[in-house]
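# Remarks on the overall topology
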Amino acid sequence: MPTDLKQSYQRIMAARNQLVDTRDERVAELIRLQAYLRERLEDFFTNLDPITGSRLAELGLEGNKAHGDLALTLAFFEGSRFKIGIDQFGRFNFASEPNVFESIGTLVGLHVAEDLSTAEIEFLAPGEGEQNVHSAGISAFLEALIDHAVAAVESETAPARGETTPV
């Protein structure tokens, strides 16, 4: 086999192995994010809504860690949710309802401290190039989601007390 073909093969294998390593690192970060959220939101996961009997929040991982297509979903009982995932090529994907991720065009990194003290994301704002990477604590997005859940629940309570709800 000519040398250039062997080198091509080696380059292909090196690139694929690098992709697998990146994907594995991102899967590990996503699993640490799950632990971080479990620690921060323990009351939401262990207590029930007195009206519906459901947990105030659910946290789940779905997909296949070995293949790298893994997604973490945090959902509150009133419908607020966010999802951060990794596809088989190690790329992040994300969605939320309401859109707490509106400042993010592309999610490029996730970093959770080993001791679970902090969790940050790195991202590109919509329309920005790769040279403008921003970082933010995941807690800001989490707080926006929780604030939405609180507002939704409080708006349901106001009419029961005879108050009017702002439109």
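Just so we're clear, the structure is a prediction, and the values are computed from it rather than from any experiment.

Quick look at the side chain of aspartate 49 now. Looking at where aspartate 49 falls in the secondary structure, it is placed in the loop between α2 (42–46) and β1 (57–64). The buried charged residue aspartate 49 lacks any salt bridge partner; its closest oppositely charged side chain belongs to arginine 55, at an N-O distance of 12 Å. Here threonine 52 takes part through its side chain, which lies 2.7 Å from a polar atom of the side chain of aspartate 49. Discounting chain neighbours no more than four positions away, the residues touching aspartate 49 are Ser54, Leu56 and Phe77.

Strand order across the open sheet formed by 4 strands is β1-β2-β3-β4, with antiparallel pairing between neighbours. Across the chains shown, the open sheet's two edge strands, defined by having one partner strand only, are β1 and β4 (92–97). If you compare each strand with its neighbour and ignore which way they point, the axes differ by 10 degrees on average. By the bridge criterion, 8 bridges tie β1 to strand β2 (residues 69–76) in an arrangement that is antiparallel. When the sheet's bridge partners are listed, leucine 59 is paired in β2 with leucine 74.

Moving on to unusual backbone geometry. Trans is the prevailing form of peptide bonds, just as negative phi is the prevailing case for residues other than glycine. A cis amide bond links glutamate 97 to the next residue, proline 98, at an omega of 0 degrees. Position of proline 98 among the secondary structure elements: in the loop between β4 and β5 (106–112). The phi dihedral of leucine 116 is positive, around 65 degrees, even though this residue is not glycine. By relative accessible area, leucine 116 is classed as buried at 15%.

How each quantity is defined
Within each chain, residue numbers correspond to sequence positions counted from 1 in written order. For this predicted model, a pLDDT threshold of at least 70 governs which residues receive local features, and a threshold of 80 or more governs which side-chain atom pairs are given and counted, while totals over whole chains, interfaces and linings are taken from all residues. Remark: hydrogens and water are excluded; side-chain values derive from all non-hydrogen atoms of the structure. Only DSSP runs of H or I with at least four residues qualify as helices, and only runs of E with at least two residues qualify as strands; both kinds are numbered from the N terminus onward. A 1.4 Å probe rolled over the protein chains alone gives each residue an accessible area, and that area as a share of the maximum for its type sets the label: buried under 20%, exposed over 50%, partly exposed in between. Charge assignment: positive for Lys and Arg, negative for Asp and Glu; neither His nor the chain ends contribute. One speaks of a salt bridge when a side-chain nitrogen belonging to Lys or Arg is within 4 Å of a carboxyl oxygen belonging to Asp or Glu. Polar contact is the term for a pair of N or O atoms within 3.5 Å; when the atoms are in protein, one must be able to donate a hydrogen and the other to accept it, and sequence-neighboring residues count only if both atoms are side-chain atoms. Residue contacts are counted whenever heavy atoms from the two residues lie within 4.5 Å of one another. Pairing between strands is defined by DSSP: at least two bridges between the two strands are required. Comment: axis = line fitted to C-alpha atoms, over the contacting stretch for helices; angle = value between 0 and 180 degrees taken between N-to-C directions.

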